[in-house]
Structures are given as C-alpha cells and as structure tokens.
Number of protein chains: 2
Amino acid sequence: MSAPAAAAADLASIVGERNVRTGAALRPYLSDATEARGLAGSAELAVLPGSAEEVAAVVAWCYERGVPIVPRGGGTGFAGGCVPLGGEVVVSLERLRRARSLDPTLWRGELEAGLTTREVQRLARESGLWFPPDPGAAEQSQLGGNIATNAGGPHAFKYGVTRAWVTGVEAVVAPGELIRVGGPLRKDVAGYDLLGLLVGSEGTLGIVTSAWLRFIPPPEAALPVVSFHADPRSGCEAIEAALASGVVPAALEYLDAGTLSAAAGSFPGEAPSGAFMVIAEADGAADEARAGRDALVGAVRDSALSVHAPDSPAEVAALWAWREGVSIAVTAKRGGKLSEDIVVPLDRLADAIEGTAAIGARVGVETCSWGHAGDGNLHSTLMVDPADPAELRRAEAACDELFALAIELGGSISGEHGLGLVKSGHLRKQWPPRAVELHEAVKEAFDPRGLFNPRKKRP
Amino acid sequence: MSAPAAAAADLASIVGERNVRTGAALRPYLSDATEARGLAGSAELAVLPGSAEEVAAVVAWCYERGVPIVPRGGGTGFAGGCVPLGGEVVVSLERLRRARSLDPTLWRGELEAGLTTREVQRLARESGLWFPPDPGAAEQSQLGGNIATNAGGPHAFKYGVTRAWVTGVEAVVAPGELIRVGGPLRKDVAGYDLLGLLVGSEGTLGIVTSAWLRFIPPPEAALPVVSFHADPRSGCEAIEAALASGVVPAALEYLDAGTLSAAAGSFPGEAPSGAFMVIAEADGAADEARAGRDALVGAVRDSALSVHAPDSPAEVAALWAWREGVSIAVTAKRGGKLSEDIVVPLDRLADAIEGTAAIGARVGVETCSWGHAGDGNLHSTLMVDPADPAELRRAEAACDELFALAIELGGSISGEHGLGLVKSGHLRKQWPPRAVELHEAVKEAFDPRGLFNPRKKRP
C-alpha cells in the first residue's frame, strides 16, 4: 500500500470511508478564490470529520506522524489560506453543521464551524435576532472560516468584526486536544486572550470546531444613502463629512469609478458613468434611521454629483445584494483578479485609492478599488486575464507594491482576508522585528512541530 | 552603597533623581484597593519615567540584571495586580500624560497610559466624541491600568470592554524594547492578535505606554429605568424581560438588597428597604431613547414593586454618580471588603446571586452583590472589619468558594478585575490543562525570565 493509501485507510477508520476524499473527488478541496489569480493547490487526501472529537482524532493522528494539516471552511478566501501545497491532509469542517444551542431570549448560541455565514445569519433571524458580521460569499463561506480570518464586511464599521461577536470557541490544538476557551459569557479576563489569538489565526494555531456567538436584536430600519462624486478626493470628503454629521453610520463604503463601471450593469438605479460612489447607511429605530439618513444626505450632498436614497426595504435589500455581487462583477470583467484588503488610517484613504491606480498604471495592469471606507479598508484590485502568465506576474509584483503602499501610509497589509499564502512574508515589513519574534513565539507555543497550515500566515 | 541604593542611583540616571521614590515616599506605590482586605505590598524602589523611551530603558536595566518589575497605573485595582511583593522595581506610568494626537473628525486619538480615565473621557468629550468604557474610580484609574485589566463598567453591556476601543498600543516588552502593534487603524488581521494579548495581560507580558483609541459621537440621550423587586429571582426576571423587549440596553445593572441598604442613604430617590434594584438604560437619539425607555419600563414593570425613571439630564447624572459610589459605600459599611468580579451565563445570574449569599452565611461573613447584570458579571462581596484577622481569613476562604461557584455555573473567575494576586492559581480550575499550558507558553514567549509582574495572573 502506498503512503497516501495507508494514510487514507487510517483516517477512514476515524471519519468513515465515505468521508475521505482522494483523486478526482479531491478537486473541490484544493483551491479558494485565489484560483482567479492562478493559485492551484495540491494534496492527496481530504477528510470530512463528523464531529469535534473526530477532528481531534485526525489532528492527533497527523501530529503524531508529522503530517501537516490544512483546515478548510467554505473555500472563499482571497489569500490562499486553505490552499494545500502538497503533502498535507485537508480537514474540511463542512459536516460540523449543528446549532448546539440557541437561546433567543439570552441573545446567544453555540454553532458549529461548518455552518455557512448565511445559515448563521438565518438562525439568528429566526430567533428574532441579528448576527452583524457580513463578509462576502455568505452562501458558501463558513463560520469557521469567518473566525479563522476574523472576517469583517460592510457593517463592521459600526458593529465590529467577527471577534466582537464570538464569546468562546471549542478548538482542536496540538497535539490533537479539544479545548474550550470562553463560553456563553459576555466578559472574561481570567486568562490571556487565547480566544482572540485563535480568532484570525487562519488555522495556523488550531482548528475551531464550534463557537459561542452573541447576537443582538436587529435595528428596526437601515437606510443607505448612495452618493456619486466626481473623483476619489471629493468622495473622501463626503466620507469625512459623514463622520462629522454626528451619526454613527452602520456602514460607510466606497466604489471607485473602475469598480462601478464593472458592476454598473446590475446597479438598481442610475449610476453616472465615471463616478466615484459612496454608500453611507443610517440604522436604528425607524424614526432614528430616517433622521440619520437625512443627516447623511446633508453631509454628503455638498461634494456629490447626485444622491440616491432608496427608501423601501426591497430597494435597500436590492442595493446590498448588488453590493455583495461587486467582487464577482469585477472578476467577470477580465476573467480573473488579484484582490487585496489593505488598510490605511482614514485620512490616507484617498492616497491609497490613488496609489492603487498609480501602481496599476506603472505595471500596466488595469486596477480598481472599493471597500469599507469608514474602516480605511480597501479592496485594491488588479484585473487580469488568468490565461496571460506575463500579466499575472506583473500583477503579483503590483501586489507587493500595494503592501508597501499600505505600510508607507501607516496602515496594514490585511484588514480582513488574512495573510494566507499570498501575503506570507510581508508582515515583517509592517511590524518591528521584536513583534515579529513574538508572532513566531506564539506560533511555536501553539504548534511546536509547525504542522498547522504550514507556510500560511508567516511573517 | 547597598544594593537598593546602587539600583536607585542607576535608575536615577535614566529617569532623573526626583523621579525615584524610596522610603516614606514609596508608600503610595505599595497598595491598591485590596488594602481593604489587608493586602500590603513591599518594595524598596519606585521609578516614574517621563517617556516611553525611559520606560524601555528602565525595563532594559531590570531585564539585564534579573530585577522584577511591577507596572503601576492609578492603583485602583481589586486584584492586587500592581501590588509589589518585595524586591521589584515599581514602574509608575503617572508622568506619561500626553495626548499625542487627537483627531475629532476621524474619531480617534493616541493617548499616553498615565492619563486618568476621567481625562480620557474629557478629552473625547471636548472633541465632541465619547469614550464608552466607564470602569469605577475614573478620577484615579489610568488608561494604562484600564488596558492592563481590559476594564469594563456599566456601559460595556452595549458598547463592549476596553479592548473594543483600543486599535493599537505602544508597549515595552522584554528585554526592554519599545514596539507598536496596531495604530490608528480600525481593522488589522496581518499578524496574530498581539494587541489583544497585551490588553488584559495585567502587566505580565509588557508595559503599555500609549494607546490609539477610537471614539464615537455620544448618544443624544440616555434614559435609565430603575426598578425595585422583591427578591433576586423577580429582579432577574426583569433583566431577562429587558432583553426580550427588543431594545439593546446601554446598561443593565443590578444591586441586591444588601448593597442597596449600604448605599441607600445617598440614593437620589425613594429606595424601598429590602428591595433588589435593576437599572436598565435606553440610549440613542432623543426620541429613540424615550421610546426605548418606555419599552424597558413596560418590560420590567410586571415583576417590580415600583419603577422610577429619571428624566432630566441632571437626575440621570445623579443616578450614575450614585451608582459609581456604590463600591465605596459598601466598603464604608464595615471598613473593609473583599469584592470579586465573577461572571456567569446570564441564565445563572440568580443562582450566582443566591450562591454568594449562601457562601457568606456558611462562613459567617456578611455578603452583598451588585454589578453588570446583562453581562452576567457580579461584584460578589464580603464585608469585613479589616482589623479582624479571623474574619478576614474566613472571607478569603469564602472567595475561593465564590470562584468555585462561578466555575460550577459555567462561568469565569474574573470579568473585569483580572487575576492579579488575589485570583492567581485559580485559572487552572476554570481552564482545561492544555489551555493552561498555552497560557504558560504565551507568558514564556513574552517574558522568558519571568520578570514582568511576577506572581500575578498565574494560572
């Protein structure tokens, strides 16, 4: 029996034969959204454990034998965080789909990692509650992946990223042990923040199998204001004016002219060609949302070419559904894209938007950018033909320049995608050497054999 | 020259002679709020660096020589986290008091660790903004101490604890190096969450010298509803009813009968004797706060003896000023107290309140409890005469039982005070052994010589 075949047989004894994937059945477990930039993974084996205990047994089997492990959620990441590089066992969480508990009156639940983002949102809604994190690809992305990347989304501006909504996790850590940190507790400072370490660790410190989430009642109404501006500078003026309005916007987004042109076809309304778009949303009780909306209209109007404020729930839903499709529309334009997630201090947003365009012009690749303006978080994007290797190489080089730009502007190379494979090696340009050493020491503390998601999230 | 004298001379060359404290001048640097339970510290030397660079130089001096360090903020902690045990150099941050930057239009600022909580709140207010964390002793407690304990307060229920408002820190870590993690950035997932590790680490991983904070515009109005109930069970019914009302309360507090009786003298209103008090606050735009207040009144009324809803800003301010004084009023009752900060899942709150009383009855020490009901965070308190060593011993034993109770109810031994000295050694009862190992490994990674705040926050 070959080594992979022997491994498959061993692991089948843990997860059951039907839950081991090899050969052609393995294909869906080898890539994520970085496929659109030509990143292809390689592995000989994926397993689909049916319980947290099975995940622990798989990890124990791997850890004992020095076999590396790649945890996998919905495979919608933009950093290659779940792409195996050859030799790993892929551990897919897709069968861990139980709501272990759901307490509507206590605003909380314990949900397993393999539930999709949409299912988590739906479970909350059916309880009369709301789970605010809203990263893209909600139908496919999974709770475990959201936690692994500390996912954000448009409404993170007011409501915070995934970390803010996770009060505890169950996780498998080296050498294959199931631990619980936190729980159905809204406060806990007893130990160091291991929970915060696991969130955003991209499967390099352990595998989250379930999480205690907190929810809140949804705002009664959410009313977005869409404004169109002549250029990034006047758009950024509107963004700062929205902050000065006294309203705490629920979301504060932008799309530059290139993004808007890629996605304009399906925009539910009139989008002036060549314009820069800002979306500022007010939420709360119906009256408050309306008053906030009016204040935001007043704030952005001065620098706007036109303002559009959808009023009915159907129009509002259509706007956000369109917004969620922007990433796909941009991909469609040339067949592929390299889309990053740099962060800058808000007062450098216009510089980052213009800098993105300048980098694209320099390397000869078409760019666009959009994102979570209020959080200074840009999806700076290079649009490419994935069949053109020379263009792909130029675009990869441009990404390195993007990371350098973010750092130069006092920002971060990643706001919500994580380092994965794509940005591994760039952290040491952002952090001082001693902080990088501490990053490494944390990894060593959790994963002394370096088997959890190797080559990912490396400084 | 004696060893302490030689050390004083060396350190004076870093911080200046006038910023070294010895002998009688050292006394204010030896204790915190645990003095009321008889905890007295001991040290021969405190230094007051005037800049982050001086803090780094002091730490480097200590680290090279194996001299332990106790960082100190305002000294208002309840866990002995800043109490030296003999042989340490106390490093007080009180001279680091600059607002390095303040950007009202960008809702952010970089403030040094030695500013008091009240000063931070005032700086935000003067910028038209709000810094929501509101731990007690705001006149005395310092930003650095708030960060070291990840302090909460009544409004943490809606707005989160200190961690939620810190986007970056500058800190001195071993062996005496100044690092920056995060910054004026609202999102950052580039590296492991070292920021989250430092927050709440009680000076055992490093010394925070300044922090980037985020602020928000304050709610236009905040309207509390005070209800009085016959017993803890009916009070907890009101708390759950407040959650079911659809309002997200800004604060959701309780005071049991013993607490209320200790503090009733200064209560701005009528407090029925022997009652259990609940405070639920609605905030937002004026209309929304009023509607929320009405909904909360409706929710708590059914289980209440009476309801009191102060309406004017002056009355509301008086209520919260009184609430902030509760801890002192309870101390005053017998001259001393042991006040803990256990956390339980919200559905176990009544059990924890009754359990606190039962423990007190068993050991023969008068108890009371109050706290952040919505967060399940209780200040379970034993009222003692500090001059009675036998009673103090009984009360200490009772605290151990309180920690066991919290763990038995699925909770945590600390929600906002931290482990400090008082709870050191109890974490291993709460966490699984592997998580405790990871806690230890994190400490080892940051502080290989174990010189940062020894014997504090030990599992």
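As a starting point, this report considers the structure included with it. It should be emphasised that the depicted structure is a prediction, and the values quoted were computed from it without experimental measurement. (Residues numbered from 1 in each chain as written. Chains lettered and ligands numbered in written order. Predicted model: local features only at pLDDT ≥ 70, side-chain atom pairs only at ≥ 80, totals over all residues. Heavy atoms only, no water.)

**Focus: the pairing of strand β16 (residues 377-384) of chain B**
Residue and element names in this part refer to chain B.
Alright, step 1. The element β16 is largely enclosed, with a buried count of eight among its eight residues.
Alright, step 2. Alternating residues of β16 divide into Asn377, His379, Thr381 and Met383 and Leu378, Ser380, Leu382 and Val384, and every residue in both groups is buried.
Alright, step 3. With four bridges connecting them, strand β14 (residues 336-339) and β16 associate as antiparallel partners. Looking at β16, one finds that serine 339 is bridged to threonine 381.
Alright, step 4. Both strand β15 (residues 367-372) and β16 contribute to a ladder of six bridges, which runs antiparallel. Its bridge partner being in β16, glycine 371 is matched across the sheet by leucine 378.
Alright, step 5. Here β15 folds back onto β16, and the loop between the two strands holds four residues, one of which, glycine 376, carries a positive phi near 65 degrees. (Buried < 20%, exposed > 50% of the residue type's maximum accessible area, 1.4 Å probe, protein only. Helix = DSSP H or I, 4+ residues; strand = E, 2+ residues; numbered from the N terminus. Pairing = 2+ DSSP bridges.)

**Re the pattern of salt bridges**
Alright, step 1. For the structure on display, the rule yields 69 salt bridges over all chains.
Alright, step 2. With a closest N to O distance of 2.8 Å, B:Asp351 and B:Arg348 form a salt bridge.
Alright, step 3. Of the residues examined, B:Arg348 reaches a relative accessible area of 30% and is grouped as partly exposed.
Alright, step 4. The network of salt bridges with common partners includes A:Arg98, A:Arg100, A:Glu110, A:Glu112, A:Glu170 and A:Arg180. (Salt bridge = Lys/Arg side-chain N within 4 Å of Asp/Glu carboxyl O.)

**Concerning the sheet that holds strand β1 (residues 20-21) of chain A**
Whether parallel or antiparallel, the strands of a sheet pair through hydrogen bonds between backbone atoms.
All names here are of chain A.
Alright, step 1. One open sheet accounts for four strands, arranged β1-β2-β4-β3; its pairing is mixed. In this open sheet, the two strands that pair with only one neighbour each are β1 and β3 (69-72).
Alright, step 2. Bridge count between β3 and strand β4 (residues 89-92): four bridges; the pairing is parallel. Across the sheet, proline 71 pairs through a bridge with valine 91, a residue of β4.
Alright, step 3. Each of β1, β2 (45-47) and β4 is contacted by helix α1 (residues 3-15), which is oriented at about 5 degrees to β2, the strand it contacts most. (Contact = heavy atoms within 4.5 Å. Axes fitted to C-alpha atoms, helices over the stretch in contact; angles between N-to-C directions.)

**A look at the interface of chain A and chain B**
Alright, step 1. If you look at the interface, chain A gives 78 residues, while chain B gives 78 residues.
Alright, step 2. Between chain A and chain B, the buried area comes to about 6,100 Å², and carbon and sulfur atoms account for 65% of it.
Alright, step 3. Taken as a group, A:Lys187, A:Val189 and A:Tyr192 account for 16% of the area that chain A buries against chain B, more than any other trio of residues on that side.
Alright, step 4. The shortest N-O distance in the salt bridge between A:Arg186 and B:Asp375 comes to 2.8 Å. (Buried area = accessible area lost by both parts, 1.4 Å probe.)

**Side note on the environment of A:Val161**
Alright, step 1. Locating A:Val161 in the fold gives a position in the loop between α5 (156-159) and β7 (166-173).
Alright, step 2. Considering only alpha carbons, one finds A:Val161 and A:Pro249, 88 residues apart in sequence, at a separation of 15 Å.
Alright, step 3. Non-local contacts of A:Val161, meaning those with residues more than four positions away in its chain, are made with A:Asn150, A:Ala151, A:Gly152, A:Ala156 and B:Lys187.

**A look at the relation of the copies chain A and chain B**
Alright, step 1. With an RMSD of 0.0 Å, the operation that places chain A on chain B is a rotation of 180 degrees combined with a shift of 0.0 Å along the axis. Here the transformation between the copies is reduced to the relation of a two-fold axis.
Alright, step 2. Most of the interface of chain A is mirrored in chain B, where 100% of its interface residues are also at the interface. (Least-squares fit on C-alpha atoms with pLDDT ≥ 70 in both.)

**Some details on unusual backbone geometry**
Residues and elements named next belong to chain A.
Alright, step 1. Following alanine 174, the chain continues to proline 175 via a peptide bond in cis, the omega torsion being 0 degrees.
Alright, step 2. Here proline 175 is to be found in the loop between β7 and β8 (177-182).
Alright, step 3. Phi at alanine 137 is positive, roughly 55 degrees, even though this residue is not glycine.
Alright, step 4. Mapped onto the elements of the fold, alanine 137 is located in the loop between α3 (117-126) and α4 (143-149).

**Looking at the packing of aromatic side chains**
Alright, step 1. Inspection of the entire model under this criterion finds 14 aromatic pairs over all chains.
Alright, step 2. Relative to A:Tyr159, the ring of A:Trp130 has its centre 4.7 Å away and its plane inclined at 80 degrees; by these criteria the two rings are edge-to-face. Remark: A:Tyr159 occurs in helix α5 and A:Trp130 occurs in the loop between α3 and α4; sequence separation between them is 29 residues.
Alright, step 3. By relative accessible area, A:Tyr159 is classed as buried at 15%.
Alright, step 4. Ring centres of A:Phe157 and B:Trp107 lie 5.9 Å apart, and the angle between their planes is 35 degrees; on these two criteria the pair is classed as tilted. Here A:Phe157 is found in helix α5, whereas its partner B:Trp107 is found in the loop between β5 (99-103) and β6 (108-112) on a different chain. For the pair A:Phe157 and B:Trp107, a shared accessibility class is recorded, and that class is buried. (Phe/Tyr/Trp six-rings, centres within 6.5 Å; stacked < 30°, edge-to-face > 60°.)

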